[in-house]
Amino acid sequence: MPVGRLEGKVAVITGGASGIGKACALRFAEEGAEIVISDLGSERMESAAAEIRGSTNGQVKWVEANVCFEEQIENLMRSVMDDFGHIDCVVAAAGVSGANYVSGENAEGLSGNLVDQSLEDWNQVLQINLTGVMLTNKHAARHMIAKGTTGSIVNIASSAARVALAGAVDYCVSKAGVSMLTHAFAMEMLENNIRVNAIGPGFIETPMTQGLQDDAEGQELMRSMTPMGRLGSPLEMANTALYLACDESSYTTGATLYPNGGMYIS
């Protein structure tokens, strides 16, 4: 039986209870990784963990943490170290499409025009989508450095980092920030043998796009912006993240890959 590409590795995945994060957790477990998922809501996380265990017979644990709060991310990483002794892979997948989005509870669309947006809502989107990724990277890397781990960090950006979307200024700015954070942090981590990369999905069949999927005009908008004419699947995003997490991409760092159905060639 072939050895999985992440056999013996420990992978920490924020936003792991649904969408791309959950798909990454399942795919990484299939490749032999021990998984720690983090999200909000114990029932959601246990449900996702049970699904992954049932599909792979792998070891899956969960730790509830809000990526907006540094002490909770510190506790997450410390808990992983206490349980497993090392952190090898991280996927920073926790994110929102707008200030009113609640993972697993609704499928609110984008925030609306900037001139009508409150500063509180703007700050919330940037705090979750950008600062949350930074904190995840920072505290995972600290443990990797202390342990001398040759690690891999994968951040979830978005094709909206490069394509301006009306009604989503906060989202676009936050994801562009994730892409630049990835490039700059990769430079800092070179001497520690920690690779930092990102993926920038296009329109994917996840709860975050459910509102657009349920609306005829929304469906047409997504397909008109995607030359391949369809939405991507969470599995396709997980496979891209897997490539960046495993040794097959050992010569790749500071890159953002864009699995988006050809969005940039039209």
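Residues numbered from 1 in each chain as written. Predicted model: local features only at pLDDT ≥ 70, side-chain atom pairs only at ≥ 80, totals over all residues. Heavy atoms only, no water.

1. Focus: the overall build of the protein
A tally of regular secondary structure across the protein gives 8 helices and 7 strands. C-alpha extents for the protein along the principal axes are approximately 50 × 40 × 40 Å. A total of 266 residues make up the protein; the buried ones form 52% of that total. Expressed as a percentage of contacts within the protein between residues at least 6 apart in sequence, the contacts between residues at least 24 apart total 73%. Working note: accessible area of the protein is about 12,000 Å², and carbon and sulfur atoms make up 51% of it. With 16 positive and 31 negative side-chain charges, the protein shows a spacing of 7 Å between the two charge centroids. (Helix = DSSP H or I, 4+ residues; strand = E, 2+ residues; numbered from the N terminus. Buried < 20%, exposed > 50% of the residue type's maximum accessible area, 1.4 Å probe, protein only. Contact = heavy atoms within 4.5 Å. Areas by Shrake-Rupley, 256 points an atom, 1.4 Å probe, with all protein chains shown as cover. Lys, Arg positive; Asp, Glu negative; His and termini not counted. Charge placed at Lys NZ, Arg CZ, Asp CG, Glu CD.)

2. Side note on the side chain of Lys 175
Locating Lys 175 in the fold gives a position in helix 5 (residues 169-189). One buried charged residue, Lys 175, forms no salt bridge at all, with the nearest opposite charge on Asp 170 at 11 Å. At a separation of 3.1 Å, a polar atom in the side chain of Lys 175 contacts the main-chain carbonyl oxygen of Ile 156. Residues within four places of Lys 175 in sequence aside, it is in contact with Asn 129, Ile 156, Ala 157, Ser 158 and Ala 161. (Salt bridge = Lys/Arg side-chain N within 4 Å of Asp/Glu carboxyl O. Polar contact = N/O pair within 3.5 Å; in protein donor to acceptor, adjacent residues only side chain to side chain.)

3. Thoughts on the nonpolar core
In this structure, Leu 76, Val 80, Ile 87 and Ile 153 are the most contacted members of the largest nonpolar core, which totals 36 residues. At the level of secondary structure, the elements contributing two or more residues to this core comprise strand 1 (10-14), helix 3 (70-84), strand 4 (89-92), helix 4 (119-147) and helix 5. Setting aside residues up to four positions removed in sequence, Leu 76 forms contacts with Val 12, Thr 14, Val 36, Ser 38, Val 63 and Ala 65. (Core = buried A, V, L, I, M, F, W, Y, C linked by side-chain atoms within 4.5 Å.)

4. Focus on the sheet that holds strand 2 (residues 34-39)
If you trace the 7 strands from one edge of the open sheet to the other, you get 3-2-1-4-5-6-7, paired in parallel fashion. Where the open sheet ends on each side, the last strands, each with one partner, are strand 3 (60-64) and strand 7 (256-257). As defined by bridge partners, strand 1 adjoins strand 2 across 5 bridges and the pair is classed as parallel. Counterpart to Thr 14 in the pairing with strand 2 is Ser 38. (Pairing = 2+ DSSP bridges.)

5. Topic: the pattern of salt bridges
Inspection of every chain in the model, using the stated rule, returns 10 salt bridges. Between Arg 5 and Glu 248 there is a salt bridge, with its nearest N and O atoms 3.3 Å apart. With Arg 5 in the segment before strand 1 and Glu 248 in the loop between helix 8 (234-245) and strand 7, this residue pair connects regions lying 243 residues apart in the sequence. Among the ionic pairs, Glu 30 bridges to Arg 27, the shortest N-O distance being 3.3 Å. Highlighted residues: Glu 30 and Arg 27, both in helix 1 (residues 19-30), separated by 3 residues, approximately one helical turn. Its relative accessible area of 45% is what places Glu 30 among the partly exposed residues. On the basis of relative accessibility, which here comes to 13%, the residue Arg 27 falls in the buried class. Each of the salt bridges in this network shares a partner with another, and the network as a whole consists of Arg 5, Arg 27, Glu 30, Glu 31 and Glu 248.

6. Description of the pairing of strand 1
Regular strands place their side chains on alternate faces of the sheet. By the criterion of burial, strand 1 is predominantly enclosed, with 5 of the 5 residues buried. Of the two faces of strand 1, the one holding Val 10, Val 12 and Thr 14 and the one holding Ala 11 and Ile 13 are both buried throughout. Assessed by its sense of winding, the connection that carries the chain from strand 1 through helix 1 to strand 2 is right-handed. By the bridge criterion, 4 bridges tie strand 1 to strand 4 in an arrangement that is parallel. Along strand 4, the bridge assignment pairs Thr 14 with Ala 92. (Right-handed = clockwise from strand over helix to strand, strands pointing away.)

7. Observations regarding unusual backbone geometry
A positive phi angle is found at Asn 57, which is not glycine, with a value near 60°. With respect to the helices, strands and loops of the structure, Asn 57 is situated in the loop between helix 2 (42-56) and strand 3. One non-glycine residue with positive phi stands out, namely Asn 193, at about 60°.

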